[in-house]
Amino acid sequence: MKSFKPKAWMLPQPVLIIGTYNADGTPNAMNAAWAGQWDANEIMISMGAHQTTANLNRTGEFTVAFATADTRVAADYVGLVSGKTHPDKIAKTGWKAEKAATVNAPVFSCFPMSMECRIKEKFFESETGYYIVAEILNIVCDEKYLAEDGKPDVEKMDLITFDPIHNGYIALGKRVGNAFADGKTLK
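Residues numbered from 1 in each chain as written. Predicted model: local features only at pLDDT ≥ 70, side-chain atom pairs only at ≥ 80, totals over all residues. Heavy atoms only, no water.

Caption draft 1: Structural detail: helix H2 (residues 72-80). For H2, the set of buried residues is Ala-74, Ala-75, Tyr-77 and Val-78. Here the buried residues of H2 occupy an arc of 155° about the axis, which is enough to place them on one side. Those residues of H2 that are exposed and angled more than 90 degrees off the buried face are Val-73 and Leu-80. Tucked into the core, H2 has its buried residues touching strand S2 (16-21), strand S3 (27-32) and helix H3 (89-93). (Buried < 20%, exposed > 50% of the residue type's maximum accessible area, 1.4 Å probe, protein only. Helix = DSSP H or I, 4+ residues; strand = E, 2+ residues; numbered from the N terminus. Arc of directions from axis to C-beta. Contact = heavy atoms within 4.5 Å.)

Laid out in structure tokens, this is it:
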């Protein structure tokens, strides 16, 4: 085994698009990878000092979309450019936004699934950002990505993950097993 110094290499890292409204009501989005499930109906996100952070400070509400192979280029773009200096960045992506059903934030229709969230707690606030724990209030999924049981089908979504080791994006693959079942063969 080869040793490496500590790095942000937790895998897989979702490629998330955080949607908020600017003070003038225009949709804004940023790309975030340092996030995860916090509890059954809560998520955690590490936020830097972004236009999105300023929007969150003002409203406390946002959406989280899961980037796909098809949305990869525009998803990367909204992570490269700041809404502070590029207020037209959503127009450049070609994304269409509609108001979320339960929060004051945009849902971008090009993503298969989005979560509507409200900040519950902030940790370690500083001029460089903070960590948030947010409650998931609603989840919306394009019906073409539903399985036969009516729930979202992750295999249909072509989701991507961030590769922090080589700064790339990797498409998630196919189902390889059944959670809470496969291990029973060893009982």
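Caption draft 2: A look at the environment of Gly-94. Structurally, the position occupied by Gly-94 is in the loop between H3 and strand S7 (97-99). As for Gly-94 and Ala-74, which are separated by 20 residues in sequence, their C-alpha atoms are 8.3 Å apart.

Caption draft 3: View of the pattern of salt bridges. Per the counting criterion, the structure on display carries two salt bridges. For Glu-42, the salt bridge is made with Lys-120, and the minimal N-O distance between the two is 2.4 Å. Of this pair, Glu-42 sits in strand S5 (residues 42-47) while Lys-120 sits in strand S9 (residues 113-126); the two residues are 78 residues apart in sequence, bridging distant segments of the chain. Judged by its relative accessible area of 7%, Glu-42 is buried. (Salt bridge = Lys/Arg side-chain N within 4 Å of Asp/Glu carboxyl O.)

Caption draft 4: Here's a closer look at the nonpolar core. Counting 22 residues, the largest nonpolar core has Ile-18, Ile-43, Ile-45, Phe-62, Val-64, Cys-117 and Ile-132 as its most contacted members. Here Val-64 is in contact with Leu-16, Ile-17, Ile-18, Ile-43, Ile-45, Met-113, Ser-114, Met-115 and Cys-117, once residues within four sequence places are set aside. Counting 17 residues, the second largest nonpolar core, distinct from the first, contains Val-15, Ala-29, Ala-75 and Phe-111. (Core = buried A, V, L, I, M, F, W, Y, C linked by side-chain atoms within 4.5 Å.)

Caption draft 5: Summary view of the environment of Val-64. If you trace the backbone, Val-64 turns up in strand S6 (residues 61-66). Sequence spacing of Val-64 and Cys-117 is 53 residues, and the spatial spacing of their C-alpha atoms is 7.5 Å.

Caption draft 6: Quick look at the side chain of Thr-63. By secondary structure assignment, the location of Thr-63 is in strand S6. Judged by its relative accessible area of 2%, Thr-63 is buried. Beyond its immediate stretch of four places on either side in the chain, Thr-63 contacts Ile-17, Ile-18, Gly-19, Ala-100, Val-103, Ala-105, Pro-106, Val-107, Met-115 and Glu-116.

Caption draft 7: Fine view of the sheet that holds strand S1 (residues 13-14). Overall, antiparallel pairing links the three strands, which are arranged S1-S11-S12 in an open sheet. One side of each edge strand has no neighbouring strand; the edge strands of this open sheet are S1 and strand S12 (168-171). Across four bridges, the pairing between strand S11 (residues 160-163) and S12 is antiparallel. Counterpart to Ile-160 in the pairing with S12 is Ala-171. (Pairing = 2+ DSSP bridges.)

Caption draft 8: Broad picture of unusual backbone geometry. Pro-12 follows Leu-11 through a cis peptide bond whose omega is -10°. Looking at the secondary structure, you find Pro-12 in the segment before S1. Within the chain, Asp-158 stands out as a residue other than glycine whose phi angle is a positive 60°. Residue position: Asp-158 is located in the loop between helix H4 (154-157) and S11.

Purely geometric stuff here, so don't read any function into it on its own.
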